[in-house]
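# Understanding the architecture of this molecule
As a plain string of letters, each chain reads:
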Amino acid sequence: MFLAIKEIKHDKLRYGLIISLIFFVSYLVFVLTGLASGLSNLNKSALEPWHAERIILNKDAQGRLAQSFLPLRDLGKIGNRGAQIAQYSTIVKGKSGQKEENTQLLAVNKDEFIYKRLPLIAGDKFTAEKEALASAKFKTDGYKVGDYFTTANSKEQIKIVGFTKEASLNAAPVVYISFETLGKIDKDVTNGVVLNKKLDKNIKLSDSESYTLTQFINKLPGYSAQQLTFNFMIGFLFIIILIIISIFLYILTIQKLPNFGVMKAQGIPTRYLVLNTLTQTLIISVAGVGVAIVLSILTAVVLPTQVPISISLSSVCVAGTGIILMSLLGSLIPIQQIIRVDPVKMIGG
Amino acid sequence: MTGLKLIDVSKVYGTGSSRFVALSQVNFEVEESQLVLVVGPSGSGKTTFLTIAGGLQTPSSGDVLINGQDITLLSQKEQTKMRLTTVGFVLQAYNLVPYLTVKEQFDLLEKVKTNNLSEKQFNSVLNILGIKELLFKYPDELSGGQKQRVAIARALFADPEYILADEPTASLDTGRTMQVMNLLKRLAHENQKTIIVVTHDLRLEKMADKVYQITDGKMKKV
Ligand SMILES: Nc1ncnc2c1ncn2[C@@H]1O[C@H](COP(=O)(O)OP(=O)(O)OP(=O)(O)O)[C@@H](O)[C@H]1O
Ligand SMILES: [Mg+2]
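Everything numeric here is computed off the predicted structure, so don't read it as measured data.

### Re the overall build of chain A
- Within chain A one finds twelve helices and eleven strands.
- Its C-alpha atoms give chain A a radius of gyration of 29 Å, more than 25% over the compact-globule value 20 Å for 349 residues.
- Taking the principal axes of its C-alpha atoms as reference, chain A extends roughly 95 × 50 × 25 Å.
- A total of 349 residues make up chain A; the buried ones form 50% of that total.
- In the form shown here, chain A has an accessible surface area of approximately 16400 Å², with 62% of it arising from carbon and sulfur atoms.
- Treating the 37 positive side-chain charges of chain A as one cloud and the 24 negative ones as another, the clouds have centres 9 Å apart.

This is how it looks when you write it as structure tokens:
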């Protein structure tokens, strides 16, 4: 600790450079993780409060809710074991001049579990026809409880009676309505049935297939490709951090080998020198990651809400810990140099 | 059993055409409370001798006994420990840690070793060496002679039984040289230290209890 701190103080520029390097890469990692989870939320945040297990869709729909029609035969077999759902993509136009929203209308039944689990943040859940419970996104965009909207291809005026926690599906905010309301706008069909427990084994469905919610999410259009891209980039950055830190520490250590040799000649134990290098790596990586954490959280606050970025302290801390571990791993080669250095070669004379 | 003894020590550097015999069949002995001088011209093997005597490198053949213990048989770790507690080196190239102030050079030793000089003893060493005013300077702010004196103080600070000094007066003027030699002599005679000083400066011979001459790796008592 003693040597580590003295050295950083003495060589501010050099250590400042390494710290800023770690900072930049960590910041990049945090922003990318934030974007990955932001975009992922945009695709599926509506599903979270349901706490569902499985979803049953038409087996020809390739796991896509909007493309699925559940045949009456199967609906009858499932009975009231799940929550029926319909997805209808449309444009919502506010009657008081609010901006038009690309929207996913989701029809659910009042007496089934999805409806019961929807978290309210203002107003009430819908109870009658032509009433709607909208995602918080609409509230941020200027809609209020009691406002009316119409949808593309329909003249029906629908009243917002409440707002639910930010909910979005297929990159569009969600508005919950009843099947009757959906029938007024378009056709009243059932696209799927969501289950909060496994279906009995002896129920044999003829034209439908049951997916776990994870399977369903992975089949959301573009979702897997997008997340894979982000994970790849983040994984790559971790490797880059490992390489940069290794190289930097290696060069630094090579330059300092004479000093290490001298200290060994004086009888300073190698263990002390190694611990010292580890402490130093820990100090610089914690400093770099720390600044990056603060700045990425500020970034999330400052960025306009249109940018789908979701940086949470917990995810940033997990990624940050990963980066710090990578740094410590990167100091292994330099530490080997320190263990190997022969004091006689370094003392001269 | 105290004292430092080299028995038939040889050191060969390199192999084949680059083979070089730096020490050949060296026999050497120094007892407690003695100041021994080893004089020889440049390249004669003085540093090689000193680093082998202090366990900083191992001889190609022969034995090195410190307090009766053959140090060539010690592990790396035990040798490092011995350098910390028993043997203090003053190296030819001064070798101060560049990012520590003079005071911190001593603080570092304090971190890894107990039983260093008392504050009072240390202060008097600083006074004799004339480096008290330099405590808060970095090595690159010191002159060659100042660095040399700090290096001497650093070796003394750990209060070792043996002090092995490689050209400790090379950068000092005559006055300082005599002060340093008198200090070493007093440490030997009054504090029972065993001191080996390696030098090419023949003027120092009169300060020593015993003088060895080294030429082309061969050592003989004068
Ligand atoms: N690592 C080494 N490899 C090969 N030869 C070496 C090595 N170290 C020293 N030598 C050779 O051994 C001889 C003795 O070297 P040493 O450093 O002991 O001399 P010295 O008496 O200390 O000289 P000086 O007074 O110039 O410091 C020299 O000829 C030197 O070239
Ligand atoms: Mg020499």
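Don't stop here, the text continues.
### Comments concerning the overall build of chain B
- Assigned secondary structure in chain B consists of six helices and ten strands.
- What you see for chain B is a C-alpha radius of gyration of 17 Å, in line with the 17 Å of a compact globule of 222 residues.
- Counting only C-alpha atoms and orienting by the principal axes, one finds that chain B spans roughly 50 × 40 × 35 Å.
- Contacts in chain B between residues far apart in sequence, at least 24 positions, make up 71% of those at least 6 positions apart.
- Accessible surface, chain B as shown: approximately 9700 Å² in total, 47% of it carbon and sulfur.
- Where the 26 positive side-chain charges of chain B centre and where its 24 negative ones centre are 2 Å apart.

### A look at the pairing of strand β5 (residues 131–135) of chain A
Residues and elements named next belong to chain A.
- The buried fraction of β5 is high, at five of five residues.
- One ladder, built from two bridges, connects β5 with strand β9 (residues 172–177); its direction is antiparallel. If you follow Ala134 over to β9, its bridge partner there is Val175.

### Comments concerning the environment of Gly94 of chain A
Residue and element names in this part refer to chain A.
- With respect to the helices, strands and loops of the structure, Gly94 is situated in strand β2 (residues 83–94).
- A relative accessible area of 15% means that Gly94 is categorised as buried.
- For the pair formed by Gly94 and Thr33, sequence separation is 61 residues and the distance between their alpha carbons is 34 Å.
- In contact with Gly94, not counting residues within four places along its chain, are Tyr143, Tyr148 and Phe149.

### Digging into the site of ligand 1
Residue and element names in this part refer to chain B.
- Lining the immediate surroundings of ligand 1 are 14 residues, of which Ser42, Gly43, Lys46, Thr47 and Thr48 lie closest.
- Contact between ligand 1 and Gly43: an oxygen atom at 2.8 Å from a main-chain N or O atom of the residue.
- Take Ser44: an N or O atom from its main chain is 3.2 Å from an oxygen atom of ligand 1.
- Surface burial for ligand 1 is 63%, taken as the share of its 640 Å² of free accessible area covered by protein chains.

### As for the UniProt feature "domain: ABC3 transporter permease C-terminal" (unreviewed entry) in chain A
- UniProt's feature table lists "domain: ABC3 transporter permease C-terminal" (unreviewed entry) at residues 232–343 of chain A, given in the numbering used throughout.
- End C-alpha to end C-alpha, residues 232–343 of chain A measures 44 Å, and it is 85% helix and 0% strand.

### A look at the packing of helix α2 (residues 12–44) of chain A against helix α9 (residues 270–302) of chain A
Residue and element names in this part refer to chain A.
- Where α2 meets α9, the axes come as close as 8 Å, and the angle between the chain directions of the two elements is 45°. As the angle between them shows, α2 and α9 are arranged oblique. By crossing handedness, the relation of α2 to α9 is classed as right-handed. Contacts from Tyr15, Ile18, Ile19, Ile22, Phe23, Ser26, Tyr27 and Phe30 of α2 reach α9 at Gln280, Ile284, Ser285, Ala287, Gly288, Val289, Val291, Ala292, Ile293, Leu295, Ser296 and Thr299.

### Some points on the UniProt feature "transmembrane region" (unreviewed entry) in chain A
Residues and elements named next belong to chain A.
- Following the UniProt record, the feature "transmembrane region" (unreviewed entry) maps to residues 15–39, 228–252, 273–303 and 309–335 here.
- End-to-end, the C-alpha atoms of residues 15–39 are 36 Å apart, and along that stretch the chain is 100% helix and 0% strand.
- Along residues 228–252, the helical share is 100% and the strand share 0%, with 36 Å between the first and last C-alpha atoms.

### With respect to the domain arrangement of chain A
All names here are of chain A.
- Domain parsing of chain A yields domain 1 (1–43 + 224–347) and domain 2 (45–219).
- Each partner contributes residues to the interface: domain 1 has five residues there, and domain 2 has eight residues.
- When the area that domain 1 buries against domain 2 is broken down by residue, the three leading residues are Asn41, Leu42 and Asn43, summing to 77%.
- Applying the counting criterion to the domain 1 and domain 2 interface returns zero salt bridges.
- Inspection of the region where domain 1 meets domain 2 yields six residue pairs in polar contact (both at pLDDT 80 or more).
- Split by residue class, the side of domain 1 that touches domain 2 holds one nonpolar, four polar and no charged.

### Description of the pattern of salt bridges
All names here are of chain A.
- The full count for this structure, using the stated rule, is 15 salt bridges over all chains.
- Close ionic contact of Glu48 with Lys44 constitutes a salt bridge, the shortest N to O distance being 3.9 Å.
- Overall, the relative accessible area of 41% leaves Glu48 in the partly exposed class.
- In this structure, a network of salt bridges that share partners links the residues Lys99, Glu101, Lys137 and Asp141.

### What about the interface of chain B and chain A?
- Counting residues at the interface gives 25 residues for chain B, matched by 22 residues for chain A.
- Both sides together, the interface formed by chain B and chain A hides about 2200 Å², and carbon and sulfur atoms give 68% of it.
- A per-residue breakdown of the area chain B buries against chain A is headed by Leu56, Tyr99 and Leu108 of chain B, which together make up 29% of the total.
- Scanning the region where chain B abuts chain A turns up one salt bridge.
- Notably, a salt bridge pairs Glu104 of chain B with Lys6 of chain A, separated by 3.0 Å at the nearest N-O pair.
- Between chain B and chain A we count three residue pairs in polar contact (both at pLDDT 80 or more) in total.
- For the side of chain B that touches chain A, the elements supplying multiple residues, two or more each, are α1 (46–53), α2 (76–85) and α3 (102–112) of chain B.
- Here the element with the most residues in the side of chain B that touches chain A is α3 of chain B; it accounts for six residues.
- The residue inventory of the side of chain B that touches chain A, partitioned by class, reads 13 nonpolar, six polar and six charged.

Calculation rules
Residues numbered from 1 in each chain as written. Chains lettered and ligands numbered in written order. Predicted model: local features only at pLDDT ≥ 70, side-chain atom pairs only at ≥ 80, totals over all residues. Heavy atoms only, no water. Helix = DSSP H or I, 4+ residues; strand = E, 2+ residues; numbered from the N terminus. Rg over C-alpha atoms; globule rule 2.2 N^0.38 Å. Buried < 20%, exposed > 50% of the residue type's maximum accessible area, 1.4 Å probe, protein only. Areas by Shrake-Rupley, 256 points an atom, 1.4 Å probe, with all protein chains shown as cover. Lys, Arg positive; Asp, Glu negative; His and termini not counted. Charge placed at Lys NZ, Arg CZ, Asp CG, Glu CD. Contact = heavy atoms within 4.5 Å. Pairing = 2+ DSSP bridges. Near = heavy atom within 4 Å. Polar contact = N/O pair within 3.5 Å; in protein donor to acceptor, adjacent residues only side chain to side chain. UniProt positions renumbered as here; feature names shortened; annotations may be inferred. Axes fitted to C-alpha atoms, helices over the stretch in contact; angles between N-to-C directions. Parallel < 35°, antiparallel > 145°, perpendicular 65-115°, else oblique. Left-handed = near helix turned anticlockwise from the far one by under 90°. Domains from an automatic or database assignment. Buried area = accessible area lost by both parts, 1.4 Å probe. Salt bridge = Lys/Arg side-chain N within 4 Å of Asp/Glu carboxyl O. Nonpolar A, V, L, I, M, F, W, Y, C, P; charged D, E, K, R; others polar.

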